[in-house]
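# Structural features, examined
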Amino acid sequence: MSRERTIGILIFDDAEELDFVGPYEVFTMSNEMFARSENRRPDKVLLISETGGTVTCAKGMRVEAHCGIADAPKLDVLLVPGGMGTRREINNPALMSWIARVAPGCEWVTSVCTGSLMLTAAGPARGKRVTTHWGFIETLRQRGEASEVLEKVRYVRDGNVVTSAGVSAGIDMALWLTGQMHGEDHARFTQHGMQYDPAPPYAAAV
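Presented here is a report on the structure given in the accompanying data block. These numbers come from a predicted model, not from an experiment. (Residues numbered from 1 in each chain as written. Predicted model: local features only at pLDDT ≥ 70, side-chain atom pairs only at ≥ 80, totals over all residues. Heavy atoms only, no water.)

## Considering the pattern of salt bridges
The cut-off we apply is this: The term salt bridge refers to a side-chain nitrogen of Lys or Arg lying within 4 Å of a carboxyl oxygen of Asp or Glu. Helix numbers and strand numbers start at the N terminus; a helix is a DSSP run of H or I with at least 4 residues, a strand a run of E with at least 2.
In this structure the tally under the stated criterion is 15 salt bridges. Lys128 serves as the salt-bridge partner of Asp158, at 4.0 Å between the closest nitrogen and oxygen. Remark: Lys128 occurs in the loop between helix H4 (115–122) and strand E8 (129–131) and Asp158 occurs in strand E10 (residues 155–158); sequence separation between them is 30 residues. Several salt bridges converge on common partners, so that one network encompasses Arg3, Arg5, Asp76 and Glu107.

The following block contains the structure:
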């Protein structure tokens, strides 16, 4: 039987919506699929903001956190999304020190898009192989905090740090992580429950 975990998703002003809503859907759908098959929901999934209040995301969505960094429980998984807000938050001592403090106690430390900037700046991804949104690859390389910044990949694992490329890649990463935590069969069950079977339009356009 899969053990219970607490998954914390950090949110902040100007975070990219799908960067965290996509993984949130994966992790909570995983719970729903467990509820169908085993009548239990093993993972507690929390949105965490600096103050525990509401944030305004990159495209205007307003989201209320479940808790703040001061009262967040011990985490097994940390996920940091991207968005333009990451450029500001790397200069926020409260969030940077919180990431640095909680990451060592996590089983997995993850990011989507430019969330990798916060993980390299705060320390958990420093000196590791990472990826990010295609438009931020060179900027992250120039910062010199990662050992290597990979491009044209959906997600990269280095130890217990998993970074993913832009926006939709976070869903792929979250499904992979679900497989690591609960087994590949359950991850596929979750994927089926989400009806996640991407078929982007215009793929054959010339």
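## Regarding helix H6 (residues 169–182)
Under the convention used in this document: Helix span, as expected, comes to 1.5 Å for every residue beyond the first. Burial classes: relative accessible area under 20% of the type maximum marks a residue as buried, over 50% as exposed, and values in between as partly exposed (1.4 Å probe, protein chains only).
For H6, with 14 residues, the first-to-last C-alpha span of 20 Å sits near the 20 Å given by 1.5 Å per residue. Burial of H6 is extensive: 12 of the 14 residues sit out of reach of the surface. Looking at H6, one finds that the buried residues are Ala169, Gly170, Ile171, Asp172, Met173, Ala174, Leu175, Leu177, Thr178, Gly179, Met181 and His182. Following H6 by one or two positions, Gly183 adopts a phi angle in the positive range, close to 100°.

## Focus: the sheet that holds strand E2 (residues 43–49)
What counts here: Think of it this way: DSSP has to see at least two bridges between two strands before they count as a pair. What makes two residues a contact is simply this: any of their non-hydrogen atoms within 4.5 Å. What counts as an axis is a line fitted to C-alpha atoms, over the stretch in contact for a helix, and the angles between N-to-C directions run from 0 to 180 degrees.
Strands sit in the order E5-E2-E1-E6-E7-E11-E10 across an open sheet of 7 strands; the sheet is mixed. Looking along the sheet, the strands with just one partner apiece sit at the ends: strand E5 (67–68) and E10. Summarising the sheet, E2 and E5 pair through 2 bridges and their orientation is parallel. Bridge pairing in E5 places Ser49 opposite Gly68. The strands touched by helix H3 (residues 93–102) are strand E1 (5–10), E2 and strand E6 (77–80); relative to E6, the strand with the most contacts, the crossing angle is about 150°. Each of E1, E6, strand E7 (108–112) and strand E11 (161–164) touches H4; the most contacted strand, E7, lies at about 135° to it.

## Focus on the nonpolar core
For clarity, the threshold we go by: Nonpolar cores are built from buried Ala, Val, Leu, Ile, Met, Phe, Trp, Tyr and Cys residues. Side-chain atoms within 4.5 Å join them into one set.
In this structure, Phe27, Trp98, Ile99 and Met118 are the most contacted members of the largest nonpolar core, which totals 60 residues. When residues of this core are assigned to their parent elements, the largest contribution, 6 residues, is made by H6. Sequence-distant contacts of Ile99, defined by excluding residues within four places in its chain, comprise Leu10, Leu78, Val80, Met118, Leu119, Ala122 and Pro124.

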